[in-house]
Every structure is written in structure tokens, then in C-alpha cells.
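What the coordinates show
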Amino acid sequence: MKTTITVNGLARTLDVDSRTTLLDALREHLGLIGSKKGCDHGQCGACTVLVNGARINSCLSLLAMHDGDQVTTIEGLGSADNLHPVQQAFLENDAFQCGYCTPGQICSTVGMLQEAADGWPSQVMEDVAGLVDLTEAEIRERMSGNICRCSAYPQIVAAIRSVAGDAA
Amino acid sequence: MSSVKDWAAPNPITENRGGLIGKGVDRYEGRLKVTGSAPYAYEVDAPSRPAIGYMATAAIAKGRIARIDTRAAEASPGVLLVWSHLNAPAQAPRGTRANPRSQRPSNPVLASDRIDNFGQTVAFVVADTFENARAAANLIEIEYAAEPGVVDFVASLDQADQPPGEEDVHIGDFPAAYAAAPVTVDETYESPVQNHVQMEPCATTAWWDGDKVTVHTSIQMVKGGQHALAETLAIPSDHVHLLTRYIGGGFGGKGQSYDDLILAALGARALGRPVKLAYTRQQMFHGTIHRPAVSMRVRLGAQPDGRLTAFAVEAVTHCARKAIFTEHAANFSRNLYAAPNRLTGHRLVQMDLPGAGPMRAPGEAPGMLSLECAMDELAEKLGLDPIELRIRNEPDVDPETGKPFSVRQLVQCMRQGAARFGWERRNPKPGQVRDGRWLVGMGMAAAIRGNFLLPAKAGVRIDADGIITLRQGMTDIGTGTYTILAQITAETMGVPMEQVKVEMGDSDFPPAPGSGGQFGAATAGSAAYDAGMNLRKALTDLAVGDPNSPLYGGPAEYVTFENGNIAIENRSETLAALVARAAPQGVYVEGSISPAADARDYSQHTYGAHFAEVGVDTVTGEVRMRKMFGVFAAGRILNAKTARSQVTGGMIWGVGTALTESNVVDPRYGSFINQDMAGYLVPAHADIVDLDAIFLDEADDKANPMGIKGVGELGICGAGAAVANAIYNATGVRLRDYPMTPEKVLEGMLAAGL
Amino acid sequence: MRPFTYERAADALSAVKAVAENPGAKFLAGGTNLLDLMKLDIERPTHLVDVGRLPFAGVEDVNGGLRVGGAMVNSKLAAHPRVRELYPVLVRALVSGASGQLRNKATTAGNLLQRTRCAYFYDTTKPCNKRQPGSGCSALEGVHGAHDAIFGASKACIASHPSDMAVALTALGASVETLTPTGASRTLAVQDLHRLPGDTPQVETDLAPGELITAVLLPPPPEGGQVYRKVRGRASYAHGIASVAVAGGRVALGAVAHKPWRAAHIEDALAAGASPAEAAEAEMAKADRSDRNALKIALVGRLAAAAIEESKTRRVA
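This text gives an overview of the structure that appears in the document. Values in this document were obtained by computation on a predicted structure and should not be read as measured data.

So, how was this worked out
Residues numbered from 1 in each chain as written. Chains lettered and ligands numbered in written order. Predicted model: local features only at pLDDT ≥ 70, side-chain atom pairs only at ≥ 80, totals over all residues. Heavy atoms only, no water. Helix = DSSP H or I, 4+ residues; strand = E, 2+ residues; numbered from the N terminus. Rg over C-alpha atoms; globule rule 2.2 N^0.38 Å. Buried < 20%, exposed > 50% of the residue type's maximum accessible area, 1.4 Å probe, protein only. Contact = heavy atoms within 4.5 Å. Areas by Shrake-Rupley, 256 points an atom, 1.4 Å probe, with all protein chains shown as cover. Lys, Arg positive; Asp, Glu negative; His and termini not counted. Charge placed at Lys NZ, Arg CZ, Asp CG, Glu CD. Pairing = 2+ DSSP bridges. Axes fitted to C-alpha atoms, helices over the stretch in contact; angles between N-to-C directions. Parallel < 35°, antiparallel > 145°, perpendicular 65-115°, else oblique. Left-handed = near helix turned anticlockwise from the far one by under 90°. Nonpolar A, V, L, I, M, F, W, Y, C, P; charged D, E, K, R; others polar.

1. Structural notes on the overall build of chain A
Within chain A, the secondary structure is distributed over 6 helices and 5 strands. For chain A, the α and β elements follow one another from N to C terminus as β-β-α-β-β-β-α-α-α-α-α. Its C-alpha atoms give chain A a radius of gyration of 16 Å, near enough to 15 Å, the size a compact globule of 168 residues would have. Projected onto its principal axes, the C-alpha positions of chain A cover 45 × 35 × 25 Å. Counting all 168 residues of chain A, 67% fall into the buried class. Pairs at least 24 apart in sequence give 56% of the contacts found in chain A among residues at least 6 apart. As displayed, chain A has an accessible area near 4900 Å², and 48% of this comes from carbon and sulfur atoms. Each charge class in chain A was averaged separately, 11 positive and 20 negative side chains, and the resulting centres sit 7 Å apart.

Next up, the structure:
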């Protein structure tokens, strides 16, 4: 079936099997290998992309559900010679090792920072109606949907702190 | 054969004039990884669009396939082939080797109707798309003739035997000394099956060109994969070109190849087009190896002053019947604490589970979970601080062999760690510190992990533009190998990092053993260093022999390499100028390393100390980390940034070991009940609070020419025990069964009346 | 995943009719649970009707309470100012569940209708009466007791409902508004939406084929503090071993039954002046005791008592 999505600013029309997930569409049909398949069941976060600005697991979404959507993948954030500030922070803080969860961590960070800026609550807030103070505990909780088996968690939090600080 | 005497001499790495050794430079391949442009095995560009493979797996633990019906799958849309044991291509019999110097034997897939473990591959589908391949695989109907198997480890402990070719180590008279000891501990500790859960499931893309196959696969050992595939397909090794440039985590689980490698190659040959195949996350749990469960009895006998007089560590573990493997969980204890009367050994149960095998720090990782808690228990009985108890049992020489230690800073690690962590805040009496609904406690543990050096080669070339390219059949599984090899090469050659390229993960390159056993950096790095030294010699000869060089005429022994220049005092030229003029086709040399015979005269290890602070929810038994700090001594550190990431990553594995990680076997089915990442819980961001590590200054000139040692596995060794000891200090509840889940902690608290 | 056809619903009634008329059809909204199960060949729809973009994604003030659209995603519901003001227990339950990414996709209605996470339900090589009615329940004698139901289970099924949100909705006395294939709308309490397993654990709710949850109705917040607490091995991004929602004098328990469990005995005891511990004990005395769940029963009792105690100090909406 035919679906048109805008990926990293470019309109793309795909005519593929209705069973094709957004993740497989990106990886197998659009050549965008940055979004990773770590579990294919929403349990690891390696496939995280931004759809209309919101971070989602692209493995648990059909391409067909995204007709007309704006999709941003890791490839849309920056390139090797023009890194996005979050990519730069990950590089400098050694916030990755094997690199397989990394695009998902970075896309998730971008989405998470917007959610925090919008004042969305988290379970570590003392009062869920209160204001968001993006402490390390908040970052850890809000990033928990991205597993890193190499366990670069301390460095990822440091990287996010460095860009969140810049933004403030 | 090299000698440690040669290694003690100053060299460009130990002199470190360029300052690159130890510097926390960013990862060499980092820009590719943060932009998602590093292609992993399933993502490489193939000559044409690959067909997609998908495996069907066995639903029983033991028996045979009584009937298999693949007709519906064959008729399913887009299907290109369906194989079972009835029609799979011929492969060499299991375990055979035909090629010279093969490191791995044949490992055929779909070779018979026998089922040896749950999750074994029983059929293979290739289709035009992933969606069609998966759907067709689900249409295969199989009837099994199941047979009873041995799948329950705890119920099978009485079947444990001495591992083939191994004997217990007896020193002195343990039974007598233990019987005479005034203070004793005799406890058994259990750790479960654990899984690597690498973020990238195993995957291969394969294609053929005539009778030669190219495979991109996710594997830690280049030669092992190349040889396994060649043997299985009964083709010469050099007909297999294996590439593994980016690997999404290994941790020992990708030390061997799996069915994806064989099936992708066979499928591509049968179809005459590229085929790619990945394990699903669920298939990874049963289709690849795991760390076996370990049951360890520790008996310690001490004098009132804390000196150990009797010391026994005995481990029972398991492996698959068809893949004998011993988790040497007691080995580490042979080198750790002094005690004149000693008994250490292993027992092995052969079971009908999937293959057990190495996982990050095999031996130490589960092994230290026992002894490092037993030492905590003994310290409390003696009224001693756990650090003091360890210091009182610090050996002058290796307690088993009597050999000198190459270098040993265990005591310094514990002392520095105590100071940096704030160990003096710990109340030695457990169950005393409250913070709202939490009980808070601290624990510590020692860390030890062996250091190894294996034979390896490396090639290095310099081109007319001055770019120096290191080539090695080595792998980087996230360990930082690309980066440290670039640092070693740049420092050896006296050039900036930007002038160095590193190419790895290719069976055509000079071989290195790969990533594992924390031997990678020392082994591959030493070969790279040697290749660099050989290139220096070649360039020196070129310069002093070239009338157009300012260095013409020598003396060769005064030639230096710095800042991209080759020089004799104030006579210098750039390497690029020299090569462009004197060898415009470039210069290529190789180097190698081999273990030194006299290195065996030393007891050689890496050491550390872990400190953990936890909160335990008094209502629910949930344990949450509050702080963790590690101090490590592991030779000269090549890269402050990547080395720290290695040890903190290991420490976090220790947290998972202590709190959540366990593959539970259902004995009725012989399968793991949790077989995805929602059921097998590895640590998430929220679990890791205030965790850091430092290295002590050290150089180990008995290790290799660079004085470096491995760091990839040290961080996990003992880490889980530190957490367990903190749980005890928080609650007064001593758990000896990992992981310490809320249910187990609550059970202990209820029993203690909490 | 079996082949299926996909349509994006133009309006609610045609969506409801499309599903009602086709026994192989299912609604698709966020997809976070349905696609998960389809990939494992556990769910096998032949037609998907995507209701994710129907205009049921807002929050309105209604009679002192709120009306929440069934297609509203969990994260936006948790972030809505009126929800944060009135129903902190619901916000806390929502943000205790899943991950930021999943909450951006999962909907209110879909969260209610998610299926159990019982490991034996997920493993298609094992008998499961939910997956294959009549095949047996392998969890009954299974090794993973942590997520077992301790209330209202049957010999056919001891699976528990995994939702956090539904536990808070139950404590708040919320109801769902549905659209039936006839075009009529009906309302039923969240606590009556799900069924106990009995002999038919495959039938999980009282919804008719094709009946679509269009909204959740939240009554005005109750007097008293609101608390949600969840127990799990990992600090985040893990299903609960147990959870409790307290909203004033109303209490519900999670991961303890085939449905979010209204703890009526606790409520009655509290109303009669019992202490939190006594009230919790009254509920746990009614649990289905077996040789494998004593610990879970103890855990849930302690958790409920602690949460009720905590609710006394919590903000009143």
C-alpha cells in the first residue's frame, strides 16, 4: 500500500507491504540505517525516532499509520562534519561504546528535552503538578526507555546535562 | 619468543613524547556512531538487494523432529526457499576440520532431526522481504518426539562431575586447618543463568563471487568466524572473506559464530544473490550462549586476628552436553588472599540446555559474587572492617604458586576507594541507617581479573601523503579498540592522530585474536606497536640511505620521530616528504607480538576495589542504588576516557547481576521463561546513580612492551558482591542467592521481622 | 505477522461497523501492544482499522470532572494541566508505566485494553488458555510467580492485567464511554470493563465485537490524598510486580488480578475506622492463597498499607 511521509525534510512515497513497520521502512526501503533494531518490541529504545517532534519506538508502528507525518531520524539531526549539539555532546562525553543504541539515545534526548521544556511530568517529581527541574534524576528517569547494554549511562547523563545547560 | 627483559626498556609508548598515551581522545569512529552512519553487519551495502532470511526454532529441549511440514511456508508469498533437516544443503559433519590451522571446526545447521536444546534452529526461510520471510516461518508445522532431559540445575547438582582434564588444587591440609580454625564461615552462594543481551542481535549479510563468499557478520573473533564457515561449507579458509567492522556489543557472546553466518552463506549460494539474516531478540536468548548458573561453597577458617588459615572455594556449574565449557568460577580465588591451607576446584553438570559459554569476565564475574560476600561475613564475625580483613590477608607472593606479583595495588585500590567514597560514613552494625522509608547501607568488595597476552600480527603502511594506515584482523565491540590502536600508532610514529587511519575487522588483514578475555588492547596493541617500530626502522633506512634526505648518512640510532617529522637532531623532514620522494608507492611492514616465556614467572592480574551504597525500601524490598565508586589498577591506561567507560560499564553489569539479571529455566520445558528485554531486566538509566571510577597510576613491564593491561572485564569483577554487601549492611538480611529481587529481599526482611 | 489489510477510519461509526462486521478485524490506535503481539503470531488480525486519528484526543471539563478522549496518548494525558491539577494519582500511574517513547504512542483506550504480560502467554511454544483456549495454563505451575494474580484467578488462568493507568482509573471511579455497532453510546465503570478469567480467559472485557472506547469519564476528584506506588525490580521501564492507587477512601491494586482490582474490603475497613494495616489485612485475607504466592500477598498488603498511610499526607486535589 502507498504511504507518503516526510523524512528529514524530504517527502517520500513508499508502496510496500502493509506489515512494514516504520523502522523497517526507514532501514530497508529508505536506506536510513541509523535507526536500529535491537528488540523489535519496544523494549530497548534503539529504534527511537521523532514523529511530528515526539519520540516514539519506530519498531512498534506501521509505516501506514504515518501517512502525512514528519519523521526525523538520526540522519536528520546532523552529519559527521556538522554534528547536532547532542551528537557533539555524546562524542565528547564518550556517551556510547558499541554505538548500536546511540542513535536511539540521541533522538530520545532531543525528544525528551522538548518534553521537559514543555513541562511534562515524570515519576520522580515530588509533585506531578509542579515545574520540571531537569536534574540528573529527571534525566535518568526520562531516558530509561533507552537501554545501553555497554552501560554508558553516567556518560550519557553527563552529555545531556551539558546540552541542557547550554539550552538554559 | 620475546622476554619481559626486552619489554622493560624505554620505548616510544612508555616515553610518550607526543602525550597521546593516556589522553582521553574522542572515539576514532565516534562521528560515525553518533550520526548512525556506521554500518553494522545487517546494514552493509551488498552488490544487489539482499533476500531476507528468517529462522524457525525448536519448541522442545530434547528429542527429535517426528514430522515437519513446510508446504504452507513454501507456498507463502515471496518465499524463495525453505530448508529443514530434510533438504538443507550438505555440510561437513559437526566438529570436523579439513583446513590447516583452523581455529574452529565445522558447525552445521539443520543437519539432522535431533533436537539438543530449546530454541535450536529447525528450519530456515528466505523470502523477498522480511515480512514475507517471518510470516512463512510461522507457517511451518512441526511435530516433535520429545525425550526427557536434564534441565534443572539445582535439582541436578548430584550429577556434577570433575570437568574433563581438571583436578582440584590442594595446598597444605585444608580439612585439618578448617577444623582447627577458631572462626569459620561456611556458606553457599547461587548465581543464575545470565544473558549477554548485546544491543545488536547476531546478524550476517552474505554474497558469493564464484566460489568465494563475502560475509559481513557480528563477531568478536575474525579468524574464528572465517574458519567455522569454511569448515562447515567444506571450502578453503581463503575462500571466505569475513568482515566485522562495527559490532553492536559482544561481551563474550559473539566470541563464536552462530547459525546466521552459515545459513546466510548457504542461502546466498543457493539463490545466487545476497542474503541477510538476523536473530530476533527472542531467538538470541536460546540460540546463542549464556553464562551458566553457578553454585559456590566457600569455607573460610580464620584466626581471631583475621588471618586466614583455611580457605576453600568450590564451584558447581553447568554446560550443554554437546559443548563442554567450564565456568572457572573458583580460579580467581587462587591468587587473591593468603592462606596456607587451600582447596579450590570445579564440578560440572552436563545438561540439555542451550550452550553455556563466556560472558564478560568468565570465572571472576560469578565467582567473586561468593567469596567477596563470604569475606564480608567473616569480617563481621571477627569484628573487623572488611577492608582491614583483606589487608591482613594480603599475600606477599602468589598464594598458590609462590611466584612474585608483576605489580599488585589491591591494597592501594581499597584505601583510595575508601577515602574517595567516604567509607568512614558506614555504620558497621547493619540495619541502623534510615532515610525515610529507606534503609541505607554500604558495602565493598575487591576486584581481580587475570591479564593475558596472545599472539597477534599487525600491518602498517605509510603512503606518499604521509597518512599511516594500521590494518589488523582485530575487532572493536565498543571497547575502544579503533581509538587505542590509533593512539598507539600515532605515538609510535610521532605523528598527530589525524595522520593515522585504522582499518579492522577483515579476515584479509594480519590476524589478531579479537576481543575477549580483556586481552584485546594488550594483544592487538602490542602487535600494532611492533609494526610501528618496524615502520620506523624501514623509514630510518629509507632516509639515511637517500642522498636527497637531510638525514642521509645517518647515524640511524639517533633518528627520532616527532611531530610528523623524521629527524636527526636539527636535520629533519616530514614523513610525507620522505615517502613521497623515496618510496612514492608507499611503505608497508608488519609486526607481531607473542607471549614471553618468562612472563609466566610472575603472577599477573588487574585489581580493583568496589564501593556501593544502596537504599532498601522497607515496605517492598526494592533495592535502589545511591552511589557506586570503583578504583582500579590495570597497568598503563591508554585512553582515560574509553578506559573509564569500560570499567564503569562493568560496574553497572555488576549492579544488574546483583539486582535483576536472571534467565529462569522452566524445568517442565527446558527453556528460559524470560526471553525478551521486558522479561530479562538489564539496568536502565534510572538504576544507575552517582557512579564513577578512577585508575591508579601503574605500568606493568611484565605484561607487554607497553606496560598496559586489559580493563574490559575488571569492572564487573566483585561489583555485584559490593552491592550485596551493601544490602546486608542496610538491612541486616544476608542474601546468598542472586539476583536480589524485591521478592527475595522482602522474604529476608519478613523472616527478620522487618 | 500474518498478512492484513489496513484502513484508516474516516469516522467512528464506520470504524465500529467495519470491525463489527469482520470477525478478523481489530482496532489499531497506538499499536504498541497489538503490533508487539502480531509479530509473535499471538494476535492474527486480517484487517486493521486505524482509529488513532479519530477526533477523540482531547480533555474536556464535565460536571466537575473530566472527559478524556480514548485516542489521547498517555504522555499528553499525563501532561494535561487539568489532569495534573485534579488527578495526581492518574498522572503518577501514567508516568510509572512503560517509557517516554511508548507513552507518546499508547492511547487511553489502548492502555485499558492491553493484554497480559504473562510470560507463558508470550511464549507460543507453551500451553495458554488465553492464546489457545483449552490448551491449559502453564503459568499455574510455572516458575515466574511475581506477576501472578492473587485475586479472582481461576484454574484456567492466573494472568494479571499489566496496566498502571487502569489501576488509578479504578481508584478514581472512572468509567468508559463506548460506541456500539448500532451507533448507540453506552457507559460502563472501568472496574466493570474487564472480566475475571473463569473458564474463558480469552474473553477479557465486556465489550461487544466492534465496540469502541471513545472516552474515559473521570468523576470529580474524591476528598483526600492521592497516591500511586508501583513495585518492580528495575527503577523504571519495567512491569510492576504490584501497584496500588489510593484516591481518598478508594483503593485499587494492580498486577494482582485479571483486571485492575478494586480493593473493596480495604475501603470498607477504612470507612469503618480501621488502620491502614488492618484495612490491608482485610483485603489480603480474601486473596487466593497458594503455596507460591505468600510473599506476593505479604508484599501487596504492606504496599497498600503504606500507600494509604502516605495518602494522608498527600495533596488533596
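2. Some words on the pairing of strand S11 (residues 250-254) of chain C
Residue and element names in this part refer to chain C. Most of S11 sits inside the fold, with 4 of its 5 residues counted as buried. When strand S10 (residues 242-247) meets S11, the two strands line up antiparallel, connected through 5 bridges. Bridging across to S11, Val 246 finds its partner in Val 251. Taken together, S10 and the strand that follows it, S11, pair antiparallel across an intervening segment of 2 residues, in which Gly 248 is found at a positive phi of about 60°. Relative to strand S12 (residues 261-262), S11 is paired through 2 bridges, and the arrangement is antiparallel. If you follow Leu 253 over to S12, its bridge partner there is Trp 261. A loop of 6 residues connects S11 with S12, the two strands running antiparallel in sequence, and Ala 255 in this loop sits at a positive phi of about 60°.

3. Details of the packing of helix H5 (residues 88-96) of chain C against helix H9 (residues 165-172) of chain C
Residue and element names in this part refer to chain C. Look at H5 against H9: their axes get within 8 Å of each other, and the N-to-C directions meet at 165°. By the criterion of interaxial angle, the relationship of H5 to H9 is roughly antiparallel. In this structure, the crossing between H5 and H9 has a hand that is right-handed. Between H5 and H9, the contacting residues are Val 89, Leu 90, Ala 93 and Leu 94 on the first element and Met 165, Ala 168, Leu 169 and Leu 172 on the second. Of the residues assigned to the contact of H5 with H9, the class counts are 8 nonpolar, no polar and no charged.

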